[in-house]
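Here is what each chain is made of, one letter per residue.
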Amino acid sequence: MAHITLPEGLPGIRGPMALRPETAKHLNELAEVLLRSDNSLTRGERELIATFVSSLNDCFFCQNAHGGLAQHYLQCDMPYIDQVKSDFQSTNLSPKLKALLSIAGSVQKGGKHVTPEQIERARDVGATDLEIHDTVLIAAAFCMFNRYVDGLGTWAPQDRNIYIERAKWRADEGYVNFDLYK
Amino acid sequence: MAHIDVPGGVPGIRSLVMFRPETGQHLYALAQVLLRGDSPLTPAERELIAAHVSARNNCTFCRDSHAAAARELFEENRALVDCVIHNVHSGALSLKLKSLLNIAGKVQLNGKEVKQEDIDEARRNGAADRDIHDTVLIAATFSMFNRYVDGLGSLTPTDPEAYAEMGRRLATKGYSLPQPVKD
């Protein structure tokens, strides 16, 4: 049961968003720009960064909701997403995305964990300033979303297939102008 | 020096949102609603929660700028800001605010660290659902801002007067997106 009274039946972040639409508006607009707007990082790559950080923060709802979206965009399956979460260096992801995931992992621990060497490595394999910026902000933003979801003890469906089934729909609707209750 | 090519001489998050106003506008709008909008907690109490979380995340820029804002807003009770940041017992803090700061500290570690007993204690001390919601979201949001500011190695002023000035600006004008530097 959630720590506070939330509208019933809404999973994860949707409960607190329905409780407080004034803050939800800006949270959703931030997610829309970070994860869906035009960018040299694909939607799949950005959702993967979000999934990886949510996994490090042990947030079940976020890692499955965004993992579902990542596997939808990247046209892979959940075992591949799970492999990225457990050991991304062993996957066939590009050297650039691996360098960005390494930066995201450091941000999850704390901003000061990011080293000049990590930044240099990312640049060496082709990352731009904007890609580094967006990686750091996606990682930081999910340290917020994960804490919002778990800090209020929200409810989340435990069947991972539900997140996969809903991913295509979620990909179509985006993060703004969607119906919280559907 | 910052990890990316942000405007020179501009401190902390201001340099980052000038680099990327598309995301910056939403970050500032969120801060304004969360710290100045409708809430059972006063702006001073909310700035104090922000400074407390930033201190725990070892983010000097956010700690000192929000502590300065809290001092301005607490006026004659400004000394309690230092008590909170330096983790010194302060009799001036209400039991309700103490128990909300405890919840904020748990959120800073990880959302799952917030336990039923923390919530029960806050309720016994008079906290309602909205107090708890706003505390959790402020603590979560500063767990983002702190990582954003330090993760990109943004400029952290060392002059205390620089923060005092930021505190006065934040206390009187709130949060509005800094405009790009003109060439």
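Numbering of residues starts from 1 in every chain and runs along the sequence as written. Ligands are numbered from 1 and chains lettered from A, in the order in which they are written. Totals for whole chains, interfaces and linings use every residue, but because this is a predicted model, local features are given only for residues with pLDDT of at least 70 and side-chain atom pairs only at 80 or more, for both listing and counting.

(A) Layout of the overall build of chain A. We count a stretch as a helix when DSSP gives it H or I for four or more residues in a row; a strand needs E for two or more, and each element gets its number in order from the N terminus. Looking only at helices and strands, chain A has nine helices and zero strands in total. If you list the helices and strands of chain A from N to C, you get α-α-α-α-α-α-α-α-α. We take the radius of gyration over the C-alpha atoms and set the globule estimate at 2.2 Å times the residue count to the 0.38 power. Computed over its C-alpha atoms, the radius of gyration of chain A comes to 16 Å, within 12% of the 16 Å expected for a compact globule of 182 residues. Counting only C-alpha atoms and orienting by the principal axes, one finds that chain A spans roughly 50 × 30 × 30 Å. Any pair of residues counts as being in contact when their C-beta atoms, constructed from backbone geometry, are within 7 Å of one another. Counting contacts in chain A only where the partners sit at least 6 residues apart, residues at least 24 apart contribute 71% of the total.

(B) Structural context of the overall build of chain B. Broken down by element type, chain B carries nine helices and zero strands. Secondary structure elements of chain B occur, N-terminal to C-terminal, as α-α-α-α-α-α-α-α-α. Expected size for 183 residues packed as a compact globule is a radius of gyration near 16 Å; at 16 Å, chain B falls within 12% of this value. With the C-alpha coordinates aligned to their principal axes, the bounding extent of chain B is approximately 55 × 35 × 30 Å. Think of it as a crowd count around each C-beta: if 20 or more other C-beta atoms lie within 10 Å the residue is buried, if 12 or fewer it is exposed, and in between it is partly exposed, with C-beta placed from the backbone throughout. Taking all 183 residues of chain B together, 51% fall into the buried category.

(C) Representation of helix H8 (residues 129-151) of chain A within the structure. All names here are of chain A. By definition here, a helix of n residues has an expected span of 1.5 Å times n minus one. Compared with the 33 Å implied by 1.5 Å per residue over 23 residues, the 32 Å span of H8 between its first and last C-alpha is a close match. The element H8 is largely enclosed, with a buried count of 21 among its 23 residues. Just downstream of H8 lies Gly-153, where phi reads positive at about 60 degrees.

(D) Structural detail: the nonpolar core. Of all hydrophobic cores here, the largest spans 104 residues; its most connected members are Ile-49, Ala-104, Ala-139, Ala-141 and Phe-142 of chain A together with Tyr-148 of chain B. Sort the elements by how many residues they give to this core and H8 of chain A lands first, with 13 residues. Excluding residues within four positions of it along the chain, Ile-49 of chain A makes contact with Leu-100, Leu-101, Ala-104, Thr-135, Ile-138 and Ala-139 of chain A. Nonpolar cores are built from buried Ala, Val, Leu, Ile, Met, Phe, Trp, Tyr and Cys residues. These are joined into a set through C-beta atoms within 7 Å.

(E) Spatial organisation of unusual backbone geometry. Residue and element names in this part refer to chain A. At Asp-58, a position not held by glycine, the phi torsion is positive, near 60 degrees. If you trace the backbone, Asp-58 turns up in the loop between helix H3 (43-56) and helix H4 (60-74). Given 13 C-beta atoms within 10 Å, Asp-58 falls into the partly exposed group. If you check the backbone angles, Asn-177 has positive phi at about 60 degrees while not being a glycine. If you trace the backbone, Asn-177 turns up in the segment after helix H9 (160-173). Its 8 C-beta neighbours within 10 Å are what place Asn-177 among the exposed residues.

(F) Representation of the interface of chain B and chain A within the structure. Listed by partner, the interface residues are 40 residues for chain B and 42 residues for chain A. Contributions of two or more residues to the side of chain B that touches chain A are made by helix H2 (21-36) and helix H8 (129-151) of chain B. Ranked by residue count, the leading element in the side of chain B that touches chain A is H8 of chain B, at 16 residues. Only Asp, Glu, Lys and Arg are considered charged, only Ala, Val, Leu, Ile, Met, Phe, Trp, Tyr, Cys and Pro nonpolar, and every remaining residue, Gly among them, polar. Its residues assigned to classes, the side of chain B that touches chain A comprises 20 nonpolar, 13 polar and seven charged.

(G) A look at the environment of Thr-115 of chain A. Residues and elements named next belong to chain A. Tracing the backbone shows Thr-115 in the loop between helix H6 (95-109) and helix H7 (116-124). For Thr-115, a count of 14 C-beta atoms within 10 Å translates into the label partly exposed. Once the C-alpha coordinates of Thr-115 and Ile-103 are considered, the two residues, twelve residues apart in sequence, prove to be 8.3 Å apart.

(H) Looking closely at the environment of Asn-28 of chain A. All names here are of chain A. Within the secondary structure, Asn-28 sits in helix H2 (residues 21-35). Through-space distance from the C-alpha of Asn-28 to that of Gly-153 is 20 Å; in sequence the pair is 125 residues apart. Those residues in contact with Asn-28 that lie beyond four places of it in its chain are Tyr-175 and Val-176.

(I) Expanded view of the confidence of the model for chain B. Here chain B averages 95 in pLDDT, while 98% of its residues score no lower than 70. At the level of chain-chain contacts, confidence expressed as ipTM amounts to 0.97, with global pTM at 0.97. Per residue, pLDDT measures the predictor's confidence, with a range of 0 to 100.

(J) A look at helix H7 (residues 116-124) of chain B. Residue and element names in this part refer to chain B. Those residues of H7 lying buried are Asp-118, Ile-119 and Ala-122. The arc that holds every buried residue of H7, seen down its axis, measures 95 degrees, which confines them to one face. Along H7, the residues that are exposed and aim more than 90 degrees away from the buried face are Gln-116, Glu-117, Asp-120 and Arg-124. Gly-126, located one to two residues past H7, shows a positive phi value of around 100 degrees. Our arc is simply the arc of the directions from the helix axis toward the C-beta atoms.

(K) Main features of the environment of Arg-14 of chain A. One can find Arg-14 of chain A in helix H1 (residues 14-19). Placed 165 residues apart in sequence, Arg-14 of chain A and Asp-179 of chain A show a C-alpha to C-alpha distance of 9.8 Å.

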